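Here are the chains, one letter per residue:
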Amino acid sequence: MKNIIETRKLCKSFSNGGIQQHVLKNVDLEIYEKDFTIIMGASGAGKSTLLYALSGMDRPTLGEVVFCGETITNKSADDLARFRRDHCGFVFQQIYLVDSMSVLDNVLVAGLLNNKKLSEVTAKAKEILKQVDIEESMWDKFPTQISGGEAQRVGIARALINTPALVFADEPTGALNSKTGRDVLDALTRFNEMGQSIVMVTHDIVSARRGNRILYVKDGEIAGICDLGRYVPNDTERHQKLNEFLGKMGW
Amino acid sequence: MNKILILTKSNLRKNRGTVAGLFILVVILSMLISSALLMFFDAYPSMERTAKHLNSGDGYFFLTGDLSEYDDTKLEELLSENMTDWQSRRLLDYPDVSVHYGKGSVNPGLLISDSEAFYTEKDKTEIVDEDPSVTGKTVYLPYQFYTGGGYQIGDDFSIILGGRDHTFRVKGFHNTTWFGCSNQSYYELIVDDDTYEALMEADKDTHEAVLTVFDFKEGVKSGEFMIKLSNTALASNPGLSFCFKLLDKALFSRTFVSLIMAVSFLVMTTVLLGVVALMLGSSIGNYIRENMKMIGALKAIGYVSMDIRASLLFTFGLLALTGSVIGVVLGYASMPLMSKIVISQMGIPYTPGFSPMVILITVCAVTAFILLITLLATIRIRKVEPILALREGLESHNFRKNLVPLSKAPFGLNISLSLKMLTTNLSQNVIIFFVTGLLVFVCVVSLMMFDNFNLHPNIGLLTIEYGAGVLSVDQDAKEEALDFLEEREDVSNIRRILNLPLNYKDQDTLQIYIVDDGAKINNQDICYDGRFPKYDNEIAVSGRFASEYGYVIGDEIEMVYGDEHYDYIISGLIQTCNNFGREGMMTEEGAERLLDLEYLPVYYWFDLPEGSDKDDCEEVFTAAKAELGEHIQSTINVYTTMEGGMELFKSVAGLMLGLMGVVSAAVITLIFYLLLKSLLYRRRKEYGIYKALGFTSFDLMIQTALSFMPVMILSVIIFSVVSYYLANPYMSMMLFAFGLMKSTFTIPISGVILTGVIMVLFAFMMALLMSSRIRKIEAYRMLVAE
């Protein structure tokens, strides 16, 4: 299987009052195309730090990230921004839609970044919005006028508009209730089934079941990897396998 | 009090940048106010102080012309009834002498006296600077020749007196109240005793004058008395010329530049007051938004609104107090530059003095103003509910309109997002719109003054008439001189204009221009209402005089000269900045109703072809001298007069334009600093989102800077047009007190456009520079680590 990301000896440290905190320690991993990769771990284990280091949003202290065959670790901030617009999509826990933009514009603002034709991008944005169950009547509304679950699905549409090589989702259901959270997971699963590669950070076992490959982070290291196979609703055997893996990891 | 101090300390620490920006605005504001006040309270009264110091009296009059039958005792009775003290002395009077001054020349009357002038009790003449080693044919010049004329001790000083060339060496400079400034029509020169004797011997019959300086008794109506005195003198001998001036007019004519500068500074100050009010209001609004949580928390633990408001009042009060004190200090520091211009007109030694009044007014006014704005802007703190504030005033519903939908935007993404930002930053853009508009207005006015004084000198508003030159001859050569001028191919539009003081009843005096044909006057703009007089029963009077005495066109007005008087019909109103706005115009036939022009010299004004210069004019005079010889009384080369006479106005206009340029640049910089600082803080998360999506810092900087440009451009366009139409009425309003009724300065359209373009480009550069803080916003820190 073709990998999208490969890390070599990835380290990340923070200085806190002069004391170095090593959040990631010599992480070597690979993220594969079309996978729905889940990064799990306890709170403070370094999951989000790893996600943002992989995506080029944050810089590692040491080590290398090779993304689609390109080393991104030494790129300048602006080059990283250009890289992200071409290859990455992001779904945040706090959603982070632009309050002053309508639903449609929130999707277009990412889509138009690559100088594509306005009509094409608009058509695509509308199509994706429909796919995430955002009705046309909501397209002109502002983020403060829609629910959290709807906003997060708009966030997913925004992440997908440029057909990124990889979508990074940082606890996308963390700020939602279970019903709306499920809708968001359904949307992500649907896109993954259509071939979209996704890396998702979560500490929720229900969310983790959507992935086919689980990376467990413990004390800044990859403590274990579990291949679950493709998501099948209500597959108890698969659930059992995940539970056992997590149990082994000390979850 | 302690709780307020704690909050104040926190405010200062948290809002260092905002406080620093506002502080600079307050410093500039205070500097302008204190400079204006120093002009009013220190520079302007310095002339009065000098007059007292020199014991200059309440006024002077001097008699010239046929003094053969003049007897000092004739006026003595009249004088002793009305004056407490007076002193007469004899000297020589040479009208309209061309004197090299600055880069050109001026044509004042010269009063020549000997060293006795230094020993008078009244109207003392004080030596400011001298070099006793300079000997021979020497002259003491009025101090203005040093401050504005460019003369140094030891320089040669060449003039023509009574048709003869004289070259003196400058021995020193003296200080005199009555005859020390080009705006006073006369200069007094003190020459060495031998030369004075020689001149007196040669020109006693034609140029001797009697100068009397006096103090009025209390209760004497000065204007009326002087007219009575003038009429008595002229009635006793029609061959006499009578000229007088009272102290207030003399002081005004030497100080109006400091008044104009003071008024201009105050106008700039009002503009800046508006800017400071807008910026302070906006900054406090931003402070409340940015610190909503803190305000909520403070209220939750028991602080009342007034505690929080008091801390802000204390913060900005402190800022105003220190800023205004520093502004006053800078105002004093800038005075050497200002006073250089002021004394070039006043012509007296002047050192800015310490004025507690200036400090007190500036500091109190600025601090009170800032406190008032703060008090008003912080009212909304009262409405902050702790619970809502702790949720950062979260809006659950927002029904804004999407004015720039990206799906329909015809422009590129950056421009579309800029427009979007524009619609969401309306309050900031409103501030930019009005502040830019105010700056455009003052820049256009400064540019207009600069263009009309420095680049394309337009003396139409400063003098009654302009042309190429004036040839003055005695009556014997009246026809010969006219023939000479008419025969020359280069000379055109020959007209006679004589300038003479005539009295309005026994109440006032008007300087009257007696013209042979009003239609030949080049400066047709001076008659701003009605028309020039055509018939012998008509007169045009200055608008300021007419409004003061309630006259309108068509009214009859009684004019008096000696024993003669006549009621003229007012045919038009003219505007003039000279003689306190008291001038008029009539035809030669009209003047003949009061006096016999046969006694007076003839002044021929003429024009030369376009593109001619002072050398061409000088060539006409050289030829005239060859043909008319001693019949020539005086010549005025208007080209050189313009160069010399405009120097002062050029300095003032240059200073104003420079100052406005600096103030505009500073204000634009500060505005963008304050607005963008707040904008970037409020929108830091949004910028984080954009960066996460793949926008580069430069994309966002361009978007941000561009978002201010539509309003900036709109403001520049609208206010350029408004300024184009309002600049002249505004100047009329400003200069009404100086006699200007209808300003017709040319407004350089290309200059206005260029100013607008420069302003927009500068603003864009500043906005781009100030938004470069976006580089420091990291998507990860903004969205994840926070």
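Just so it is clear, the model here is predicted, and its values are computed rather than measured.

(A) Just the domain arrangement of chain B, in detail. All names here are of chain B. Here the domain parsing of chain B yields domain 1 (1–54 + 266–399), domain 2 (67–238), domain 3 (413–457 + 646–786) and domain 4 (461–643). Put simply, the middle of domain 1 and the middle of domain 3, counted by C-alpha atoms, are 22 Å apart. With 25 residues of domain 1 in contact, the opposing surface of domain 3 contributes 26 residues. Viewed at the interface, domain 3 and domain 1 are joined by zero salt bridges. If you look at where domain 1 meets domain 3, you find two residue pairs in polar contact (both at pLDDT 80 or more). Looking at the side of domain 1 that touches domain 3, the elements that each hand over two or more residues are α2 (16–53), α7 (247–290) and α9 (305–346). Per-element accounting of the side of domain 1 that touches domain 3 gives the leading share, twelve residues, to α7. Classifying every residue of the side of domain 1 that touches domain 3 gives 15 nonpolar, eight polar and two charged.

(B) Expanded view of a positive patch on the surface. Residues and elements named next belong to chain B. On the surface, a cluster of positive charge is contributed by R289, R380, R382 and K383. Mapped onto the elements, R289 comes out in helix α7. By relative accessible area, R289 is classed as partly exposed at 39%.

(C) Representation of the interface of chain B and chain A. Taken together, the contacts link 38 residues of chain B with 33 residues of chain A. Both sides of the chain B and chain A interface together cover about 2900 Å² of buried area, and 61% of this is carbon and sulfur. Where chain B packs against chain A, one counts two salt bridges. Inspection of the region where chain B meets chain A yields seven residue pairs in polar contact (both at pLDDT 80 or more). Broken down by element, the side of chain B that touches chain A gets its largest block of residues, seven residues, from helix α20 (residues 684–693) of chain B. Among the residues forming the side of chain B that touches chain A, the class breakdown is 18 nonpolar, eight polar and twelve charged.

(D) Seen up close, α20(B). Residues and elements named next belong to chain B. Judged by how many residues are buried, α20 sits mostly within the fold: eight of ten residues are covered. Three or more residues of α20 are buried, namely E686, Y687, G688, I689, Y690, K691, A692 and L693. G694 sits one or two residues past α20 and shows a positive phi near 120°.

(E) Region of interest: unusual backbone geometry. Residues and elements named next belong to chain A. Positive phi outside glycine occurs at N26, with the angle close to 45°. Positionally, N26 belongs in strand β2 (residues 19–32). Overall, the relative accessible area of 47% leaves N26 in the partly exposed class. Phi at K34 takes a positive value of approximately 70°, unusual for a residue other than glycine. Along the chain, the position of K34 falls in the loop between β2 and β3 (36–41).

(F) Representation of the sheet that holds strand β10 (residues 221–227) of chain A in the model. All names here are of chain A. Taken in spatial order, the six strands make up an open sheet running β6-β7-β8-β3-β9-β10, and their pairing is mixed. Lying at the two open borders of the sheet, with one neighbouring strand each, are β6 (88–91) and β10. Strand-to-strand twist across the sheet, computed as the mean angle between neighbouring axes with direction ignored, equals 20°. The pairing of β3 with strand β8 (residues 198–201) spans four bridges and is parallel. Among the inter-strand pairings, F36 is bridged to a residue of β8, identified as I198.

(G) Here's a closer look at the pairing of strand β18 (residues 556–561) of chain B. Residues and elements named next belong to chain B. Where strand β14 (residues 492–504) and β18 come together, two bridges link them in antiparallel fashion. Each residue of the ladder has a partner; that of Y504, found in β18, is M559. With six bridges connecting them, β18 and strand β19 (residues 564–574) associate as antiparallel partners. Bridged to Y561 within β19 is E564.

(H) Expanded view of the confidence of the model for chain A. Chain-level pLDDT for chain A is 90 on average; 100% of the residues reach the 70-or-more range. When mean pLDDT is compared element by element in chain A, β8(A) scores highest at 95, while helix α2 (residues 77–87) of chain A scores lowest at 87.

(I) Focus on the sheet that holds strand β1 (residues 3–16) of chain A. All names here are of chain A. If you trace the four strands from one edge of the open sheet to the other, you get β2-β1-β4-β5, paired in antiparallel fashion. Looking at the sheet topology across the chains shown, the edges are occupied by β2 and β5 (70–71). The pairing of β1 with strand β4 (residues 62–67) spans five bridges and is antiparallel. Directly across from T7, in β4, lies its bridge partner V65. Docked against the sheet, helix α1 (residues 47–55) engages β1, β2 and β4, running at close to 60° with respect to β2.

(J) The arrangement of the packing of aromatic side chains in detail. In this structure the tally under the stated criterion is 38 aromatic pairs over all chains. With centroids separated by 5.2 Å and ring planes inclined at 90°, the aromatic side chains of B:F433 and B:F434 adopt a geometry described as edge-to-face. Aromatic pair B:F545 and B:Y549: ring centres 4.9 Å apart, planes at 45°, arrangement tilted. Taken together, the residues span about one helical turn, with B:F545 and B:Y549 both in helix α15 (residues 543–549) at a distance of four residues. On the accessibility criterion, B:F545 (0% relative accessible area) is buried. For B:Y549, a relative accessible area of 27% puts it in the partly exposed group. Through a chain of ring-to-ring contacts, the aromatic side chains of A:Y52, A:F67, A:F83, A:F90, A:F92, A:Y96 and A:F168 assemble into a single cluster. Here B:K137 stacks its cationic end above the ring of B:F168, 5.1 Å away from the centre of that ring.

(K) Quick look at the side chain of B:D451. Residues and elements named next belong to chain B. Mapping D451 onto the fold places it in helix α13 (residues 426–455). Overall, D451 belongs to the buried group, its relative accessible area being 9%. Other than its neighbours up to four places away in sequence, D451 contacts H456, P457, T746 and P748.

Definitions and cut-offs
Residues numbered from 1 in each chain as written. Chains lettered and ligands numbered in written order. Predicted model: local features only at pLDDT ≥ 70, side-chain atom pairs only at ≥ 80, totals over all residues. Heavy atoms only, no water. Domains from an automatic or database assignment. Contact = heavy atoms within 4.5 Å. Salt bridge = Lys/Arg side-chain N within 4 Å of Asp/Glu carboxyl O. Polar contact = N/O pair within 3.5 Å; in protein donor to acceptor, adjacent residues only side chain to side chain. Helix = DSSP H or I, 4+ residues; strand = E, 2+ residues; numbered from the N terminus. Nonpolar A, V, L, I, M, F, W, Y, C, P; charged D, E, K, R; others polar. Patch = residues over 30% accessible without salt bridge, like charges linked within 9 Å, V, L, I, M, F, W, Y side chains within 5 Å. Areas by Shrake-Rupley, 256 points an atom, 1.4 Å probe, with all protein chains shown as cover. Lys, Arg positive; Asp, Glu negative; His and termini not counted. Charge placed at Lys NZ, Arg CZ, Asp CG, Glu CD. Buried < 20%, exposed > 50% of the residue type's maximum accessible area, 1.4 Å probe, protein only. Buried area = accessible area lost by both parts, 1.4 Å probe. Pairing = 2+ DSSP bridges. Axes fitted to C-alpha atoms, helices over the stretch in contact; angles between N-to-C directions. pLDDT = per-residue confidence, 0-100. Phe/Tyr/Trp six-rings, centres within 6.5 Å; stacked < 30°, edge-to-face > 60°. Lys NZ or Arg CZ within 6 Å of the ring centre and 35° of its normal.

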